[in-house]
Structures are given as structure tokens and as C-alpha cells.
Amino acid sequence: MPYQFERGRIYRMPTHFGPAPGPRQIPAEANADSTCSPRKTLISASFLTEASALERHIPDRFTLVGDPVVTVEFHYMTDIDWLAGRGYTMIHVWWPATFKGARDQVVGRFLAVMWENLADPIITGRGEIGQPKLYAEIPELRRVDGVYHCQASWMGFRFLDLRVTELVEPIGETRPAPQMDGTLMLKYVPRTGAWGEADICEVSFTPALTPDLTTESSKAAEGNVRFHRAEWRDLPTMYHVVNALSDLPILSSRGASIATTRGGKSNLDQQILK
């Protein structure tokens with residue numbers, strides 16, 4: 001007798017073996033505790049660019065909000081309950097934007113691209129919540145003489161460097177950032193056989209509220225970001241992404257930070273905006 005899909009359960013290909021375990025469907029024996037998992041070291045740096053350059057990379061019904069500031073974050077995570085205590089690293093690249101739809105209007109972090117160094121979160125995050133994830137080799141965080149070094153590469157080609165130095169003295173007055181409702185993404189799935197058409201093209205939204213997240217330390221820093229231009233032969237499936245980011249003019253630094261946190265959420269509160 002053919003199997004039937006269970007209502008309310010999450011499936012991923014191959015679906016023939018039943019509902020799929022993952023970050024939003026954790027087995028009871030995992031003893032998940034969102035107040036402790038994951039543990040994270042977060043290194044970020046931001047820079048001011050030209051608004052006209054960023055506008056080429058935002059979807060329809062989006063507009064930039066505030067200064068055109070790009071933020072690059074490295075999230076080094078350990079003790080992840082849905083991975084049975086293992087960890088991985090993810091990179092976020094985002095800037096502030098407003099989505100104005102027929103029903104919803106939201107100000108948030110427009111998450112343009114993510115990289116991760118493990119297939120499991122890439123597969124679950126892309127399919128289930130619409131995160132724009134790609135694969136990269138991301139070595140462990142390295143600290144030398146007070147400087148934090150973050151890198152990402154693909155098959156030996158290093159395409160991203162981020163360096164951050166903790167500030168001994170506090171910096172002066174900073175510009176207020178726009179109030180963010182959460183994280184905005186464009187979820188896109190192509191239609192098989194009808195190339196250029198989409199099965200899914202919709203705005204996915206993660207609300208900012210994360211009550212189980214605790215910030216254990218946070219320090220102001222100064223930092224710089226560099227995307228290295230690539231040829232097709234260097235990054236055959238994503239040179240266009242890296243080169244678009246590399247081409248963004250860096251007008252000035254807009255600060256950096258070093259933080260440690262614990263806890264989080266599974267993003268079961270994910271929404272589709274209209």
C-alpha cells in the first residue's frame with residue numbers, strides 16, 4: 001500500500017522513508033533545550049556602500065531603508081542539539097530594507113546570501129524556511145595578537161576575508177540603526193522543465209523575537225571585509241554572487257563587533273509575507 005503524507009509533519013526528499021528529523025522536528029531523545037543550544041561566537045563587520053549599487057540586488061517590492069550599510073557576520077556554533085552536540089559555521093550577508101506587499105509591510109535585515117560548511121543545515125534551511133544558503137569551506141576562528149581572522153573558500157579558492165580587532169577604548173557616537181522587525185529573504189524554487197519560470201517565488205520572514213537567546217558578552221571592535229573577485233573556473237556555480245559583493249564600493253567602515261551567545265530558536269515561527 002503506498003504511503004500517505006502525515007498532516008503537520010515536515011518532509012524532505014526522499015519522502016519515501018517518513019517525516020524527516022531536523023532543526024524543526026527533533027526526536028524526543030535529543031533532549032533539546034533552546035536556552036542552551038547553540039553556543040555561538042559571532043564576529044561581524046559592516047561597511048557603507050553606494051545605494052545605487054545595492055539596489056541592483058534587491059527584489060521587487062523591496063526598498064532600502066536608512067544608510068546603505070552591508071554587514072557580514074560569521075556565526076561559529078557548537079553544542080547544537082538537533083545535530084547531537086555537533087557544530088558548524090554560517091556566514092550572513094545582509095543590509096536594511098523594507099518590504100511593502102499587498103498585505104504586509106516589514107522593515108528588516110534583507111538576507112542576501114548565506115554560506116555554511118555543512119550540508120544538513122543548507123538542505124533544511126533552504127527548503128523549509130527559504131534561506132539563501134550556499135556551501136563554503138570555513139575554517140575555525142583564528143585569533144592572532146588580538147586580531148580575529150575569519151575566512152571562507154571553495155575547493156581552495158578563498159573568496160572572503162574578514163578581520164576584526166577588539167577596541168580598547170569605546171568609539172564615539174554611532175549612527176542609530178533602523179528598527180528591525182526580523183529577517184527578510186526571497187524563497188525561490190525553479191519549475192522543472194519550464195526554465196525561467198518559478199514553482200515558488202515568495203518573501204520569507206523570520207520574526208526577530210527570540211526569547212531564549214542570551215548574550216553572554218558583546219564588545220565593540222573595528223574591522224574590514226574583503227570579497228575576492230573570482231573567475232568562472234574558480235567558483236563555477238557562485239562566482240556571480242562573490243563578484244557582485246566584491247564590486248560593492250566600500251566608502252567607509254561602519255563598525256564591527258565580537259559577541260558570544262547561547263540559545264536560540266528553531267524558526268518554527270517562519271512566515272510568508274504577501
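Data block above holds the structure.
Residue positions are given per chain, counted from 1 along the sequence in the order it is written. Reporting of local features is limited, given that this is a predicted model, to residues whose pLDDT is at least 70; pairs of side-chain atoms are given and counted only at 80 or more, and all residues count toward the totals for whole chains, interfaces and linings. Note that water and hydrogens are dropped before the side-chain values are worked out from all heavy atoms of the structure.

**Brief notes about unusual backbone geometry**
Next up, step 1: Cis peptide bonds are those with omega within 30 degrees of zero, and the linkage from Met13 to Pro14 qualifies with -5 degrees.
Next up, step 2: Secondary structure follows DSSP: runs of H or I at least 4 residues long count as helices, runs of E at least 2 residues long count as strands, and numbering of each begins at the N terminus. Topologically, Pro14 is positioned in the segment before β1 (39-48).
Next up, step 3: With an omega dihedral of 0 degrees, the bond running from Ser37 to Pro38 counts as a cis peptide bond.
Next up, step 4: Tracing the sequence through the fold places Pro38 in the segment before β1.
Next up, step 5: Positive phi values are uncommon outside glycine, yet Asp79 reaches one of about 55 degrees.
Next up, step 6: In this structure, Asp79 sits in the loop between β3 (69-78) and β4 (88-100).
Next up, step 7: A relative accessible area of 40% places Asp79 in the partly exposed class.
Next up, step 8: Of note, Asp145 is a non-glycine position whose phi angle comes to about 50 degrees, a positive value.
Next up, step 9: Along the chain, Asp145 falls in the loop between β7 (142-144) and β8 (147-154). Three exposure classes are used, based on accessible area relative to the maximum for each residue type with a 1.4 Å probe and protein chains only: buried under 20%, partly exposed in between, and exposed over 50%.

**Details of the pattern of salt bridges**
Next up, step 1: Any carboxyl oxygen of Asp or Glu within 4 Å of a side-chain nitrogen of Lys or Arg constitutes a salt bridge here. Here the structure, examined in full by the defined rule, presents 15 salt bridges.
Next up, step 2: Among the ionic pairs, Glu6 bridges to Arg9, the shortest N-O distance being 3.9 Å.
Next up, step 3: Classification of Arg9 by relative accessible area gives partly exposed; the value is 41%.
Next up, step 4: Residue Arg191 is joined to Glu197 by a salt bridge in which the shortest nitrogen-to-oxygen separation is 3.4 Å.
Next up, step 5: In this structure Glu197 comes out as partly exposed when scored by relative accessible area, which is 41%.

**A few points about helix α2 (residues 119-129)**
Next up, step 1: Every buried residue of α2 is accounted for by Pro121, Ile122, Thr124, Gly125, Glu128 and Ile129.
Next up, step 2: Contacts are residue-level and defined by heavy atoms, with any inter-residue pair within 4.5 Å sufficient. On the buried face of α2, the contacting elements are β4, β5 (105-116), β6 (133-135), β10 (182-190) and β11 (198-207).
Next up, step 3: Backbone geometry just after α2 places Gly130 at a positive phi near 80 degrees.

**Here we look at the side chain of Gln270**
Next up, step 1: Mapped onto the elements, Gln270 comes out in the loop between β13 (252-262) and β14 (271-273).
Next up, step 2: Classification of Gln270 as buried rests on a relative accessible area of 18%.
Next up, step 3: Contact partners of Gln270, with chain neighbours within four places excluded, come to Ile129, Met185, Ser204, Phe205 and Thr206.

**Concerning the packing of aromatic side chains**
Next up, step 1: Ring geometry is summarised as follows: Phe, Tyr and Trp rings, the Trp one being its six-membered ring, pair when their centres sit within 6.5 Å, and such pairs are stacked at plane angles under 30 degrees, edge-to-face over 60 and tilted between the two. Across all of its chains, the model carries eight aromatic pairs by this definition.
Next up, step 2: Where Phe5 meets Tyr11, the ring centres are 4.8 Å apart and the plane angle is 80 degrees; that geometry is what we call edge-to-face.
Next up, step 3: For Phe5, a relative accessible area of 53% corresponds to the exposed category.
Next up, step 4: Aromatic side chains Trp115 and Phe159 sit 5.0 Å apart centroid to centroid with 45 degrees between the ring planes, which places their arrangement in the tilted category. Within this pair, whereas Trp115 is found in strand β5, its partner Phe159 is found in strand β9 (residues 157-166), the two being separated by 44 residues in sequence. In this pair, the class of Trp115 matches that of Phe159, namely buried.
Next up, step 5: An aromatic cluster of three or more residues is present, and its members are Phe62, Trp95, Phe99 and Phe110.

By themselves, these figures tell us nothing about what the structure is for.
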